[in-house]
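Architecture and fold: a report
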Amino acid sequence: MKLRQLEMLLERVSGFDNPSAEREQYQTPAPLAARLVHMAMMAGDITGRSVLDLGSGTGILAIGAALLGARVTAVEDDVEAVCIAEANASSLGCDIHFIRTDVASKEAMVLIPECDTVIMNPPFGAQAEHADRPFLDMALNKAGTIYGIFNAGSRSFIAGYIRDRGEIVGVVQAGLTIPKTFWFHSRDRHEIPVEIYVIRRV
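The following refers to the structure shown. Please read these numbers as outputs of a predicted model, since none were measured by experiment. (Residues numbered from 1 in each chain as written. Predicted model: local features only at pLDDT ≥ 70, side-chain atom pairs only at ≥ 80, totals over all residues. Heavy atoms only, no water.)

Here's the deal with the overall build of the chain
Counting secondary structure elements, the chain contains 7 helices and 7 strands. Along the chain, helices and strands appear, N-terminal first, in the series α-α-β-α-β-α-β-α-β-α-β-α-β-β. When burial is assessed residue by residue, the chain has 52% of its 202 residues classed as buried. The long-range fraction of contacts in the chain, counting pairs at least 24 apart against all pairs at least 6 apart in sequence, stands at 70%. Looking at the chain as shown, the accessible area adds up to about 9600 Å², and 48% of this sits on carbon and sulfur atoms. (Helix = DSSP H or I, 4+ residues; strand = E, 2+ residues; numbered from the N terminus. Buried < 20%, exposed > 50% of the residue type's maximum accessible area, 1.4 Å probe, protein only. Contact = heavy atoms within 4.5 Å. Areas by Shrake-Rupley, 256 points an atom, 1.4 Å probe, with all protein chains shown as cover.)

Shown next, in the form of structure tokens:
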């Protein structure tokens with residue numbers, strides 16, 4: 001499947017009905033989601049692979065991976081988001097296994113299976129400092145290859161945090177467009193520079 005075709009399909013994925021600022025629940029834009037999973041597919045990390053989407057929200061990354069031929073497990077602890085994701089997956093004909101658990105919880109280590117590839121757009125830590133750390137920890141525990149979306153300029157922090165466990169082997173510059181969602185947003189659209197990091201476990 002070509003990138004533009006995938007992007008057009010992902011435009012049909014519904015976002016959050018009642019997004020939480022505390023959870024940093026912003027819908028991953030279709031162009032960014034498509035770019036991540038298509039890039040992973042071109043590297044041989046999606047089609048025919050077992051894939052985990054950690055913090056899957058309403059399912060856009062998980063659905064993208066499923067459309068490209070992955071066996072996908074999506075992990076999300078917000079029950080409303082899981083319901084929306086299940087409906088999104090069904091509408092696009094995707095068979096995705098959903099696990100409702102908090103990535104940072106003790107039970108998550110048992111509930112979440114090992115896989116070939118992790119894809120994720122974790123919280124950036126704008127509301128809760130270091131909110132991305134449990135996602136990195138779980139990803140490195142469960143997969144040998146990780147594709148994640150992070151704030152631009154995070155490379156040195158992440159490289160230091162995962163030292164001796166993983167290494168960043170690729171960085172792609174991108175942008176995250178957030179529409180006015182919460183009361184503290186002053187603009188109709190906010191552009192955030194982000195980077196897609198490809199991480200290999202060592």
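Remarks on unusual backbone geometry
Unusually for a residue other than glycine, Asp164 sits at a positive phi of about 75°. For Asp164, the location among the structural elements is in the loop between helix 7 (155–161) and strand 6 (166–179). On the accessibility criterion, Asp164 (70% relative accessible area) is exposed.

Overview of helix 2 (residues 30–42)
Helix length check: helix 2 (13 residues) gives 18 Å between terminal C-alpha atoms against 18 Å at 1.5 Å per residue, within 8%. Every buried residue belonging to helix 2 is among Ala30, Leu32, Ala33, Ala34, Leu36, Val37, His38, Ala40 and Met41, and all of these are buried. Phi turns positive, to about 85°, at Gly44, one or two residues after helix 2. (Expected span 1.5 Å × (residues − 1).)

Comments concerning the packing of aromatic side chains
Centre distance and the angle of the planes are the two values used to describe a pair of aromatic rings. The final tally for this structure, using the stated rule, is 2 aromatic pairs. Their ring planes at 15° and their centres at 5.5 Å tell us that Phe150 and Tyr197 sit as a pair that is stacked. Here the residue Phe150 occupies a position in strand 5 (residues 145–151), and Tyr197 occupies one in strand 7 (residues 189–201), the gap between them amounting to 47 residues. Both residues of the pair, Phe150 and Tyr197, belong to the buried class. Where Phe157 meets Tyr161, the ring centres are 6.0 Å apart and the plane angle is 20°; that geometry is what we call stacked. With a gap of 4 residues between them, Phe157 and Tyr161 both fall in helix 7, about one helical turn apart. For Tyr161, a relative accessible area of 24% gives the class partly exposed. When the ring centre of Tyr161 is taken as reference, the NZ or CZ atom of Arg165 above it lies at 5.1 Å. (Phe/Tyr/Trp six-rings, centres within 6.5 Å; stacked < 30°, edge-to-face > 60°. Lys NZ or Arg CZ within 6 Å of the ring centre and 35° of its normal.)

Concerning the pattern of salt bridges
The full count for this structure, using the stated rule, is 3 salt bridges. Here Asp137 ties to Arg165 by a salt bridge, and the two come within 3.0 Å at their closest N and O atoms. Remark: Arg165 occurs in the loop between helix 7 and strand 6 and Asp137 occurs in helix 6 (residues 133–142); sequence separation between them is 28 residues. (Salt bridge = Lys/Arg side-chain N within 4 Å of Asp/Glu carboxyl O.)

With respect to the side chain of Asp45
Inspection of the secondary structure puts Asp45 in the loop between helix 2 and strand 1 (50–54). A polar contact is formed between the side chain of Asp45 and the side chain of Tyr147, at a distance of 2.5 Å. With residues near it in sequence (within four places) discarded, Asp45 still touches Ala40, Val51, Thr117, Thr145, Tyr147 and Arg200. (Polar contact = N/O pair within 3.5 Å; in protein donor to acceptor, adjacent residues only side chain to side chain.)

Regarding the packing of helix 1 (residues 3–10) against helix 3 (residues 60–67)
Direction vectors running N to C along helix 1 and helix 3 enclose 135°, while the axes themselves pass 10 Å from each other. As judged from the angle between their axes, helix 1 and helix 3 are oblique. Handedness of the crossing formed by helix 1 with helix 3: right-handed. Residues Leu6, Leu9 and Leu10 of helix 1 touch helix 3, and the partners they reach there are Ile60, Ile63, Gly64 and Leu67. For the contact of helix 1 with helix 3, the class distribution of residues is 6 nonpolar, 1 polar and no charged. (Axes fitted to C-alpha atoms, helices over the stretch in contact; angles between N-to-C directions. Parallel < 35°, antiparallel > 145°, perpendicular 65-115°, else oblique. Left-handed = near helix turned anticlockwise from the far one by under 90°. Nonpolar A, V, L, I, M, F, W, Y, C, P; charged D, E, K, R; others polar.)

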